[in-house]
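Remarks on the overall topology
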Amino acid sequence: MPESAAGQPCYHCGEAIPEGSDYPIRSGEATQSACCRGCQAVAQTIIDSGNADYYRLRTDLPKTPEAALDALKALALYDLPEVQEGFVKNDGAIKDASLILEGIVCAACVWLNERHLRQLPGVVSADINFSTRRARVRWDNTRIKLSQILESIRDIGYHAYPFDTGRQEELFRKERNAAIRRLAIAGLGMMQVMMYALPTYIAGDDGSMPRDIEALMRFASLLLTLPVVFYSAWPFFQGAWRDLRLYRAGMDVPVALGIGAAFAASVYGSFTGSQDVYYDSVVMFVFFLLTGRFLEMNARKRSAEAAETLVKLIPAAAVRLPDYPAARTEEAIGAVRLSPGDFVLVATGATFPSDARVVEGHSSVDESLLTGESRPIPKHPGSEVIGGSHNLGSPLICRVERTGQDTVVSSIVRLLDRALAEKPQLAQTADRIASHFVLALLVVAAGIATYWAVVDPTRAFWITVSVLVVSCPCALGLATPVSLTAALGRLTRIGLLSTRGHALEVLAQATDFVFDKTGTLTDGLFRLREVRILRGDKDQALQLAAALEQGATHPIAAALREAALEGRDSDALPHVQHLAYHPGLGVEGEIDGQRYRLGAPEFAAPGETFSLPEGLTLIALADAQGVLAWFSLGDGLRPHCAELVAQLKGLGVRLHLYSGDRPENVAALARQLGIADARGGMHPQDKLKAVRDLQAAGAVVAMTGDGVNDAPVLAQAQVSIAVDQGAEAAQAAADMILLSSELLRLADGVRIARKTRRIIRQNLAWSVLYNALALPAAAMGLVTPWMAGIGMSASSLLVVLNALRLANHPTHQHPTPQPPTPAQMQPRHESA
């Protein structure tokens, strides 16, 4: 893409290209520029299919990619794999896409789109987050195509685009600018209409204003109200018509009825000379309602910043080394064009363009935006780096390992989207109430209109308008989703990723925390602490032990190999024949004609007497004559474990330590941390039974683990948390993932979850109380239409602002760490 492409019109849709975007389109000998991945894919497919003349012959620019596809009768292009590559995740026949929805203005829009999509045959699930405007749709590709889903969304008056961060920003700017224009027209109209209305209020009542002057004032007010009603308030009429066309009563219906009825009555009064003229109330109502929605829009944007920040982490450009290692020729390309196996140069201060592995250089990396990890992480050849993290030290050359939807950032965003889209029980209840509220409101308004038409016909009209306007379920519909969005965003920023919608709700109710030991409370990195030689020498014993464990992957084997090799190649180890593994016990094999056993004392040296060092794991190396050496190994305690235990106890949580490690080691750690219920030597089924026993006694269990053997227990607990360094099976079964190595984030998570529950309850209580007070007051004639507009807007805005308190919830702060020294960035090899 040319250097100056930013700000120029997109070759496909004509919209301005965002800063930093790099989406080239090959057209013959020329290269054009697109504003987003969606436009790039569609335009390239159009050109490659032989329809490049479309761009030469068209007389107008499409507003969206769909518009061009309609012109070509080729909506099915969205079903092509090359178009879906950037935003669709495949799981066999089931596909999962992230879409942006345009036209979402309230919670009823979310309900309508979700309900409509879920009714389509072949759609497995459809969940929309109101704050981010993002939809997560899963469908069976053998029954329905993506193009049909997009078309069905358009059929009900909305537009869906493949998710792209540039497109999302552009959509928000477009909505914000349109809202500002409508608000400005409404505000100007309100001020002018009030200038004409005030004299009629002052002089009209006593008859001192001549009739012709009063009529002039009314017609001037009519002219000034026209743009307010037919421009500023037009989205309300569009939304109401869309709902009525689908035989549904959305939240825009009572608003549009109120505005339309008041305006129509005022026009009628102006031409007949009636006293019933409400131009001032109409413009004030529209202005206050638009003000509320504008402030609410900006507040929602703030609540969704966490997810958007993650999406923006990957840079637009990268420096590729196409001839490495033969030469170091640098080539600047778009990050989206990188492929696994490419070599990239990441300069000091630059951002890693994809998940990669360091092949040359030593540095430190800031991963705080991804993991919440406050300290820089040392990196050296062989270290993995996460796309989106920042290089703080020296330049690094890395080999790309994952790109696009396979990167860690994409996985985190996908999991966060799922958590935001899945609604907890409380949200589902609120949605059901809100969905029936509008219809009930219309029935109540009709009853009130009938009553006042009999009692006092002169007041019946404006009282009915006030009832329609003042009571709206917007606050009820917003109470839960906005709070959850703000809370999940805050948790993500501190390194605690929620992957399920119910996780936050249940974490707030947790009464018991169950911890695994190895890899959870400890770092899981076993180190050789002591070697006791009975026969032979230390180096020979280590060489034999490392050779026997050469093909094993468990932490003890890795610690023995590290101590024996000290950075040397594994080819230096003796050759082992007739190797046999005994799960849970050890390994045996033949070296130079001699049979050796390595493992638990009861396996390698049955009948031998030995003393167990407290807190350590004892491993024996033996041959046919007896024990050659004893190895004592142990892993270190994670930082701040004791403080975590103290904080959780302070929150009233009961703590349990269930581990498969030796009971003596588990008891020693429990004494050190102050955990009363500690059990060792537990198999997965033992842990499962223990958790079930807790649940049978009424406990709400939060389980934290990291291993494959923890997966069944994680699935059994009401809410489960896996550590990021743990096994994939554990993470797959977990409701939350601790991305940070700081265990104190668990206590922060409990506090944020409990505060979220309080705020959701406050919001629901406020929305119910508001409607309970506002509806009777309006029915009694105590609320004018413009006051109703203020009340309705303020109720929704208050809910959003209350939820935003979660976005900056304080967490435990550690002292600011210093970057590691060059010596600390070198790889370390510990031995006995």
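Treat the numbers as computed from the prediction; the structure is a model and nothing was measured.

Calculation notes
- Residues numbered from 1 in each chain as written.
- Predicted model: local features only at pLDDT ≥ 70, side-chain atom pairs only at ≥ 80, totals over all residues.
- Heavy atoms only, no water.
- Core = buried A, V, L, I, M, F, W, Y, C linked by side-chain atoms within 4.5 Å.
- Buried < 20%, exposed > 50% of the residue type's maximum accessible area, 1.4 Å probe, protein only.
- Helix = DSSP H or I, 4+ residues; strand = E, 2+ residues; numbered from the N terminus.
- Contact = heavy atoms within 4.5 Å.
- Pairing = 2+ DSSP bridges.
- Phe/Tyr/Trp six-rings, centres within 6.5 Å; stacked < 30°, edge-to-face > 60°.
- Axes fitted to C-alpha atoms, helices over the stretch in contact; angles between N-to-C directions.
- Parallel < 35°, antiparallel > 145°, perpendicular 65-115°, else oblique.
- Left-handed = near helix turned anticlockwise from the far one by under 90°.
- Nonpolar A, V, L, I, M, F, W, Y, C, P; charged D, E, K, R; others polar.
- Salt bridge = Lys/Arg side-chain N within 4 Å of Asp/Glu carboxyl O.

In this structure, Phe236, Val255, Ile259, Val286 and Val467 are the most contacted members of the largest nonpolar core, which totals 50 residues. Breaking this core down by element, the ones donating at least two residues are α7 (165-204), α8 (211-232), α10 (252-272), α11 (279-303), α15 (425-455), α16 (457-470), α28 (744-779) and α29 (785-803). Take this core: its biggest share by element is eleven residues, from α11. Beyond its immediate sequence surroundings of up to four residues, isoleucine 259 is in contact with Ala233, Phe236, Phe237, Val282, Phe285 and Val286. One finds Leu484, Leu644, Val719 and Ala747 within the second-largest nonpolar core, a separate group that totals 48 residues.

Looking now at the sheet that holds strand β15 (residues 390-391). Overall, antiparallel pairing links the three strands, which are arranged β13-β12-β15 in an open sheet. Strand pairing shows two members of the sheet lacking a second neighbour, β13 (377-379) and β15, which therefore form its edges. Across three bridges, the pairing between strand β12 (residues 363-366) and β13 is antiparallel. Looking across to β13, one finds that valine 365 is bridged to isoleucine 377.

The full count for this structure, using the stated rule, is eight aromatic pairs. Relative to phenylalanine 271, the ring of phenylalanine 219 has its centre 5.1 Å away and its plane inclined at 80°; by these criteria the two rings are edge-to-face. In this pair, phenylalanine 219 sits in helix α8 while phenylalanine 271 sits in helix α10, placing the two residues 52 residues apart along the sequence. Residue phenylalanine 271 is classed as exposed on the basis of its relative accessible area of 59%.

So, about the sheet that holds strand β28 (residues 719-723). As summarised here, the arrangement of the seven strands in space is β17-β29-β28-β27-β18-β25-β26, forming an open sheet in which the pairing is mixed. The strands lining the two open edges of the sheet, one partner per strand, are β17 (496-498) and β26 (677-679). The mean inter-strand angle of the sheet, taken between neighbouring strand axes irrespective of direction, is 20°. Strand contacts of helix α25 (residues 684-696): β18 (512-515), β25 (654-658), β26 and β27 (701-705), with the helix running at about 165° to β25, the strand carrying the most contacts. Of the strands in this sheet, β17, β18, β27, β28 and β29 (736-738) are in contact with α28, which crosses β17 at around 50°.

Orientation of helix α23 (residues 641-650) relative to α28, taken along the N-to-C sense of each, is 20°, at an axis distance of 8 Å. As the angle between them shows, α23 and α28 are arranged roughly parallel. In the crossing of α23 with α28, the sense of the turn from one axis to the other is left-handed. Every residue of α28 that contacts α23 at Glu643, Leu644, Gln647 and Leu648 is listed here: Leu744, Leu746, Ala747, Val750 and Arg751. A per-class count over the contact of α23 with α28 returns six nonpolar, one polar and two charged.

Before going further, it helps to examine the packing of α8 against α10. When two helices pack together, you describe them by how their axes are tilted relative to each other and by the distance separating the axes. Interhelical geometry of α8 versus α10 gives an angle of 160° and a closest axis separation of 11 Å. By the angle class used here, α8 and α10 are roughly antiparallel. Here α8 runs over α10; the crossing is left-handed. Across the interface between the two elements, Arg218, Phe219, Leu222, Thr225, Leu226, Val229 and Phe230 from α8 touch Phe263, Val267, Gly269, Ser270 and Phe271 from α10. Broken down by class, the residue content of the contact of α8 with α10 amounts to eight nonpolar, three polar and one charged.

On to the pairing of strand β3 (residues 88-91), then. Bridge count for β3 against strand β4 (residues 94-102) is four bridges, and the pairing is antiparallel. When the bridges of β4 are listed, asparagine 90 appears paired with lysine 95. Connecting the antiparallel pair β3 and β4 is a turn made up of two residues, with glycine 92 showing a positive phi of about 70°.

What follows is about the pattern of salt bridges. With the rule as written, the count across this model stands at 21 salt bridges. The salt bridge partner of aspartate 748 is arginine 745, with a shortest N-O separation of 3.2 Å. Within this pair, aspartate 748 and its partner arginine 745 are both found in helix α28, separated by three residues, close to a single helical turn. Arginine 745 sits in the buried class, given a relative accessible area of 8%. The network of salt bridges with common partners includes Arg357, Glu384, Arg399 and Glu401.

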